[in-house]
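What follows is each chain in one-letter form.
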Amino acid sequence: MLKSMTGYGRNEAIVGAKKITAEIKSVNHRFSDYNIKVPRQYGYLEERMRRRISESVSRGKVDVYISIETCGEADKVITLNRELAENYISALKEIGESFGLKDDITVSTVAAFPDVFRSETKRDDEEELWNAVETVAEPAIEAFIAMREREGSRIEADLRARVGYMKTLAAEIDERSPQTVEEYKEKLYTKIRELLEERDIDDSRVLTEVAIFADKVAVNEETVRLYSHFDEFYDIINSGEPAGRRLDFLIQEINREVNTIGSKASDLDISKKVVTLKGEIEKLREQIQNIE
């Protein structure tokens, strides 16, 4: 199945104490271009996400946004500033001794002084956080790929229909080409009879002229190659592998054969079919630009 290079997927969930959002979108690009954005403090996740995306996408400009928010104060750790607390206690005892005051130092007393306790952000376990991010990102990736596949399926149906139509046109050209030679032969005999009137016609000279004409307008080789290219077109589509670059090259070969047929054509009907084929080629080319 063909895949479009255009897709979008998003998922959001709370895992443990983290609210994680994953958003993925892509547009057409000649090559693969991954732009991964994560919060600065979680920069170590960027490369792992890049590797994960590259497993599913081989072509296109892909933007991935990962948002990580801590719910409440769950990532805060309270620690005791032991040295400062000891200084406060020593100072309180000194006051008691100096002024003969009752020693009623309590935990609450010491805790009330500033900076006795420090609030620090707990360091995340990198592996644990990656597992959480991956858990949230997977549904977004699946939705993203599903959208690319749906769009790819529509493009594939259009490509198959157009190539089928082009095969029909090529067959009609193939059938029409020998007829133009016979028509040329008849016209040539008619014109010579008009010129020579009752005199004998040199059949060998006429047949030589017809043979030269037939060689100039013969398109059998081109149509045979066209049929081969059309078969290859279907083989690529059916391969299940990324097909955009291969189809892009193949459409150039198809265009080359059609141009050659057009340069040989001396028949109005064939010329019209060549123009139609070129129009279909351009439509194929436009569609192929959207394929992974």
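The structure under discussion appears in the preceding block.
Quick summary incoming for the structure in this document. What you see is a predicted model, and the numbers here were worked out from it, not measured in a lab. (Residues numbered from 1 in each chain as written. Predicted model: local features only at pLDDT ≥ 70, side-chain atom pairs only at ≥ 80, totals over all residues. Heavy atoms only, no water.)

Attention now goes to the overall build of the protein. Helix and strand counts for the protein stand at eight helices and six strands. Counting from the amino terminus, the protein carries its helices and strands in the arrangement β-β-β-α-β-β-α-α-β-α-α-α-α-α. The 292 residues of the protein split such that 34% are buried. Carbon and sulfur atoms provide 49% of the accessible area of the protein, an area that totals close to 17300 Å². (Helix = DSSP H or I, 4+ residues; strand = E, 2+ residues; numbered from the N terminus. Buried < 20%, exposed > 50% of the residue type's maximum accessible area, 1.4 Å probe, protein only. Areas by Shrake-Rupley, 256 points an atom, 1.4 Å probe, with all protein chains shown as cover.)

On to the pattern of salt bridges, then. Taken as a whole and judged by the stated rule, the model has 22 salt bridges. Glu253 is the partner of Arg256 in a salt bridge, and the nearest nitrogen-oxygen pair spans 2.6 Å. Placement of the pair is Arg256 and Glu253 together in helix α7 (residues 244-264), with a separation of three residues, close to one helical turn. The exposure class assigned to Arg256 is partly exposed, which follows from its relative accessible area of 44%. Glu282 serves as the salt-bridge partner of Arg285, at 3.4 Å between the closest nitrogen and oxygen. Of this pair, Arg285 and Glu282 are both found in helix α8 (residues 268-288), three residues apart, which corresponds to roughly one turn of the helix. (Salt bridge = Lys/Arg side-chain N within 4 Å of Asp/Glu carboxyl O.)

For the rest of this paragraph, the subject is the packing of aromatic side chains. This model, assessed by the stated rule, comprises two aromatic pairs. An angle of 85° between the planes, with centres 6.5 Å apart, marks the rings of Tyr42 and Tyr44 as edge-to-face. (Phe/Tyr/Trp six-rings, centres within 6.5 Å; stacked < 30°, edge-to-face > 60°.)

For the rest of this paragraph, the subject is the sheet that holds strand β2 (residues 18-27). Sheet architecture is open: four strands sit in the order β1-β2-β4-β3, paired in mixed fashion. The sheet terminates laterally at β1 (7-15) and β3 (32-37), the two strands that pair on one side only. Each adjacent strand pair in this sheet contributes to an overall mean axis angle of 10°, direction not counted. The strands that helix α1 (residues 45-56) touches are β2, β3 and β4 (60-70); relative to β3, the one it contacts most, it runs at about 140°. (Pairing = 2+ DSSP bridges. Axes fitted to C-alpha atoms, helices over the stretch in contact; angles between N-to-C directions. Contact = heavy atoms within 4.5 Å.)

Before going further, it helps to spend a moment on a negative patch on the surface. On the surface, a cluster of negative charge is contributed by Glu94, Glu97, Asp103 and Asp104. Relative to the helices and strands, Glu94 is located in helix α2 (residues 82-99). According to the relative accessible area criterion, Glu94 is exposed, its value standing at 52%. (Patch = residues over 30% accessible without salt bridge, like charges linked within 9 Å, V, L, I, M, F, W, Y side chains within 5 Å. Lys, Arg positive; Asp, Glu negative; His and termini not counted. Charge placed at Lys NZ, Arg CZ, Asp CG, Glu CD.)

With that out of the way, let us pick up the pairing of β1. Bridge count between β1 and β2: nine bridges; the pairing is antiparallel. Counted as the bridge partner of Gly9 is Ile24 from β2.

Moving on, we come to the packing of α7 against α8. Look at α7 against α8: their axes get within 10 Å of each other, and the N-to-C directions meet at 165°. One element, α7, and the other, α8, form an angle in the roughly antiparallel class. Judged by the sense of rotation from one axis to the other, the crossing of α7 with α8 is left-handed. The segment α7 lies against α8, with Gly244, Leu247, Asp248, Ile251, Gln252, Ile254, Asn255, Val258, Asn259, Ile261 and Gly262 engaging Ile270, Val274, Leu277, Lys278, Ile281, Leu284, Arg285 and Ile288. The class makeup of the residues in the contact of α7 with α8 is 11 nonpolar, five polar and three charged. (Parallel < 35°, antiparallel > 145°, perpendicular 65-115°, else oblique. Left-handed = near helix turned anticlockwise from the far one by under 90°. Nonpolar A, V, L, I, M, F, W, Y, C, P; charged D, E, K, R; others polar.)

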